[in-house]
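# Coordinate inspection notes
Each chain, letter by letter, is given below.
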Amino acid sequence: MLSSLAFSTLALVCVEAAALGAPVAVAQGASEPIVIAQVAIEDDQPAAPELRELTAPPAEDLSAAPVSNTDDNIILDEEQFTGPLAFEGVSDDEVVRTVFDALAAVTTLKGDFTQIAPSGAVSEGQFYLRRPGLLRFEYDPPTPLLIVANSGVVYVRDDALETTDSYPVGRTPLKYLLRDKIDTDEAEILSVDRGVDTVAVTLGSKNAETDGEISIILDADELTLRRWIVRDMQSGVTIVTLENVVAGERLATRLFRAPDAGGTFLKN
């Protein structure tokens, strides 16, 4: 099993930034609740996340029950419920097929990202995704990291330490974002969640060598990737939110070259 630090890195969470973003939450999984990471803002300093189980208003009150900013739900991320939920009346199996088809149709994406680590620390930067298999995360200063996925390996370059460590993509749930198609024989559907304008599918793996779970959240109208949430084996929650996304643009292969070597390759 990957160490806690190693998995956090693969989930794009190995930094401690000074800034702090808005509160965030995570959907409930099937086997046990995925906790909400509610982050407080006080004197512009990050606070440790307060963990609690996800609760929602009773179904009959959805049209009127307000949701405050402090209780913002990352899956149903609306300030208030204003109408029926996305894909209401559609079976979970059909929602899963729709989400998987939308992911399979993605060729390239680029844009900005905001990442919230399990500690509540926030970092930002630019991302590039070329499916299948290629991913690049450039972190803004002062974060000294560059993360590149290529040929089934995730490379983590730390300029401060002058090291490049690498990990198998297949050991992490990020593989579901990078593969050409999601293997439904290997993937386990843990939950399907509907928001007013979002839809999410939470995936685990039937393969014991894959650590953690991932929630993939799409815009319900355009079926575009909005964010993903990774929960590691220590129940740490990482949220990556995408902004200013451009789809279908040609991305140069050089963006996905492996960083200079000098670190270690970790399999366990």
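Given the structure is predicted, the values throughout are model-derived calculations rather than measurements.

Looking now at the pattern of salt bridges. A full pass over the atoms with the stated rule returns nine salt bridges. Linking Asp-92 and Arg-194 is a salt bridge whose minimum nitrogen-to-oxygen distance equals 2.8 Å. One end of the pair, Asp-92, is in helix 2 (residues 92-104); the other, Arg-194, is in strand 11 (residues 187-194), with 102 residues separating them in the sequence. Overall, Arg-194 belongs to the buried group, its relative accessible area being 17%. The partner of Asp-211 in a salt bridge is Arg-171, with the nearest N and O atoms 3.6 Å apart. Here Asp-211 is found in the loop between strand 12 (198-205) and strand 13 (213-219), whereas its partner Arg-171 is found in the loop between strand 10 (163-168) and helix 3 (175-178), with 40 residues between them in sequence.

Turning to the side chain of Thr-108, a few remarks are in order. Structurally, Thr-108 is set in strand 5 (residues 108-116). A polar atom in the side chain of Thr-108 sits 2.6 Å from the backbone oxygen of Glu-249. Apart from residues no more than four positions distant in its own chain, Thr-108 is found in contact with Leu-129, Arg-130, Val-246, Ala-247, Gly-248, Glu-249 and Leu-251.

On to the pairing of strand 13, then. Within a regular beta strand, the side chains point alternately toward one face of the sheet and then the other, so they alternate between its two faces. Counting buried residues in strand 13 gives seven out of seven residues, a clear majority hidden from the surface. Here strand 13 shows a buried face lined by Glu-213, Ser-215, Ile-217 and Asp-219 and a second buried face lined by Ile-214, Ile-216 and Leu-218. Pairing between strand 13 and strand 14 (residues 225-231): six bridges, direction antiparallel. Across the sheet, Ile-217 pairs through a bridge with Arg-227, a residue of strand 14.

The next point concerns helix 2. Between its terminal C-alpha atoms helix 2 stretches 18 Å, which fits the 18 Å expected from 13 residues at 1.5 Å a residue. Of all the positions in helix 2, only Val-95, Val-96, Thr-98, Val-99, Phe-100, Ala-102 and Leu-103 are classed as buried. Contacts from the buried residues of helix 2 go to strand 11, strand 12, strand 13 and strand 14.

What holds strands together in a sheet is hydrogen bonding between their backbones, with the strands either parallel or antiparallel. An order of 10-9-8-7-6-5-15-14-13-12-11 is seen for the 11 strands of this open sheet, with the pairing classed as antiparallel. Strands at the two margins of the open sheet, each flanked by one partner only, are strand 10 and strand 11. Across the sheet, the mean angle separating the axes of adjacent strands is 20 degrees when strand polarity is ignored. When strand 8 (residues 145-150) meets strand 9 (residues 153-158), the two strands line up antiparallel, connected through six bridges. Along strand 9, the bridge assignment pairs Ile-147 with Val-156. Where helix 2 meets the sheet, its contacts fall on strand 11, strand 12, strand 13 and strand 14, and the angle it forms with strand 11 comes to roughly 105 degrees.

Procedures and definitions
- Residues numbered from 1 in each chain as written.
- Predicted model: local features only at pLDDT ≥ 70, side-chain atom pairs only at ≥ 80, totals over all residues.
- Heavy atoms only, no water.
- Salt bridge = Lys/Arg side-chain N within 4 Å of Asp/Glu carboxyl O.
- Helix = DSSP H or I, 4+ residues; strand = E, 2+ residues; numbered from the N terminus.
- Buried < 20%, exposed > 50% of the residue type's maximum accessible area, 1.4 Å probe, protein only.
- Polar contact = N/O pair within 3.5 Å; in protein donor to acceptor, adjacent residues only side chain to side chain.
- Contact = heavy atoms within 4.5 Å.
- Pairing = 2+ DSSP bridges.
- Expected span 1.5 Å × (residues − 1).
- Axes fitted to C-alpha atoms, helices over the stretch in contact; angles between N-to-C directions.

Functional significance is not addressed by these values, which are geometric in nature.
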